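A structural walkthrough
The primary structure of each chain is shown beneath.
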Amino acid sequence: MTLPHLLLVMLGGGLGAGARYLVSAATLRVFGPGFPVGTLAVNVIGSLLMGILIGWLVRHDASHASTLRSFLATGVLGGFTTFSAFSLDTAVLWERGEITLAMIYIAVSVLLSITAVFAGLALMRSLSA
């Protein structure tokens, strides 16, 4: 690890966290606090973007791939997605006695996020055809 890459990760992480805050605040206003739509949204969107980014980097074999990956994948998308928040949201639902809703949230979050990564990769692969 080099200092420039560390600084890129830190800068990207701040940008990603800011974007996560904006998405979470907007979804809270629209959907209310009953279900953690914001966390679900950033995890699915972040997973899709991760698939697109990594697919693009592999497709282009960019000489600056390490720099882009540090800034965008580890930094921006690492700051944007929220697995720790996902875990806390699940615990809150569970502790409120909403066990079924917690289980639905876990299943939907994991399935949609993994599907989104595959969708991003497939999208980038289709562009190279």
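Residues numbered from 1 in each chain as written. Predicted model: local features only at pLDDT ≥ 70, side-chain atom pairs only at ≥ 80, totals over all residues. Heavy atoms only, no water.

Structural notes on the overall build of the protein chain
Along the protein chain, the regular secondary structure elements total five helices and zero strands. Dimensions of the protein chain along its principal axes, counting C-alpha atoms only, are 50 × 35 × 25 Å. Looking at the protein chain residue by residue over its 129 residues, the buried ones come to 29%. Within the protein chain, counting contacts between residues at least 6 apart in sequence, those at least 24 apart form 74% of the total. Accessible area of the protein chain: about 7,700 Å², with a carbon and sulfur share of 74%. Here the protein chain contributes 6 positively and 4 negatively charged side chains, and the mean placements of these two sets differ by 11 Å. (Helix = DSSP H or I, 4+ residues; strand = E, 2+ residues; numbered from the N terminus. Buried < 20%, exposed > 50% of the residue type's maximum accessible area, 1.4 Å probe, protein only. Contact = heavy atoms within 4.5 Å. Areas by Shrake-Rupley, 256 points an atom, 1.4 Å probe, with all protein chains shown as cover. Lys, Arg positive; Asp, Glu negative; His and termini not counted. Charge placed at Lys NZ, Arg CZ, Asp CG, Glu CD.)

Things to note about the UniProt feature "transmembrane region" (unreviewed entry) in the protein chain
Under the feature "transmembrane region" (unreviewed entry), the UniProt entry names residues 35-58, 70-88 and 100-124. End-to-end, the C-alpha atoms of residues 35-58 are 36 Å apart, and along that stretch the chain is 92% helix and 0% strand. What you have in residues 70-88 is 89% helix and 0% strand, and the ends, taken at the C-alpha atoms, are 26 Å apart. (UniProt positions renumbered as here; feature names shortened; annotations may be inferred.)

Some remarks on the side chain of Asp-89
If you trace the backbone, Asp-89 turns up in helix α4 (residues 83-95). Polar side-chain contacts of Asp-89 include one of 3.5 Å to the side chain of Tyr-105. The residues touching Asp-89, leaving out its near neighbours within four places in the chain, are Pro-36, Thr-39 and Tyr-105. (Polar contact = N/O pair within 3.5 Å; in protein donor to acceptor, adjacent residues only side chain to side chain.)

Describing α4
Think of an α-helix as turning once every 3.6 residues; residues three or four places apart then point the same way. Compared with the 18 Å implied by 1.5 Å per residue over 13 residues, the 18 Å span of α4 between its first and last C-alpha is a close match. Taken together, the buried positions of α4 are occupied by Phe-86, Asp-89, Thr-90 and Leu-93. Angular distribution of buried residues about the axis of α4 spans 100°; they occupy a single face of the element. In this structure, α4 carries Ser-84, Leu-88 and Glu-95 as exposed residues pointing more than 90 degrees from its buried face. On its buried face, α4 sits against α2 (37-60) and α5 (99-127). Once α4 finishes, Gly-97 follows within two positions and takes phi at roughly 85°, a positive value. (Expected span 1.5 Å × (residues − 1). Arc of directions from axis to C-beta.)

A word on the packing of α4 against α5
Where α4 contacts α5, the axes come no closer than 7 Å and their chain directions differ by 160°. Relative to α5, α4 is oriented roughly antiparallel. The element α4 and its partner α5 pack so that their crossing is left-handed. Between α4 and α5, the residues in contact are Phe-86, Asp-89, Thr-90, Leu-93 and Trp-94 and Ile-99, Leu-101, Ala-102, Met-103, Tyr-105, Ile-106 and Ser-109, respectively. Per-class residue counts for the contact of α4 with α5 are nine nonpolar, two polar and one charged. (Axes fitted to C-alpha atoms, helices over the stretch in contact; angles between N-to-C directions. Parallel < 35°, antiparallel > 145°, perpendicular 65-115°, else oblique. Left-handed = near helix turned anticlockwise from the far one by under 90°. Nonpolar A, V, L, I, M, F, W, Y, C, P; charged D, E, K, R; others polar.)

A closer look at α2
Along its 24 residues, α2 runs 34 Å from first to last C-alpha, staying within 8% of the 34 Å computed at 1.5 Å per residue. Those residues of α2 that are buried are in contact with α1 (3-31), α3 (65-80), α4 and α5. Positive phi shows up at Asp-61, right after α2, with a value of about 40°.

Observations concerning the nonpolar core
Leu-40, Val-44, Phe-86, Leu-93, Ala-102, Tyr-105 and Ala-116 together form the largest nonpolar core, which totals seven residues. Counting only elements with at least two residues in this core, the list comes to α2, α4 and α5. Broken down by element, this core gets its largest block of residues, three residues, from α5. (Core = buried A, V, L, I, M, F, W, Y, C linked by side-chain atoms within 4.5 Å.)

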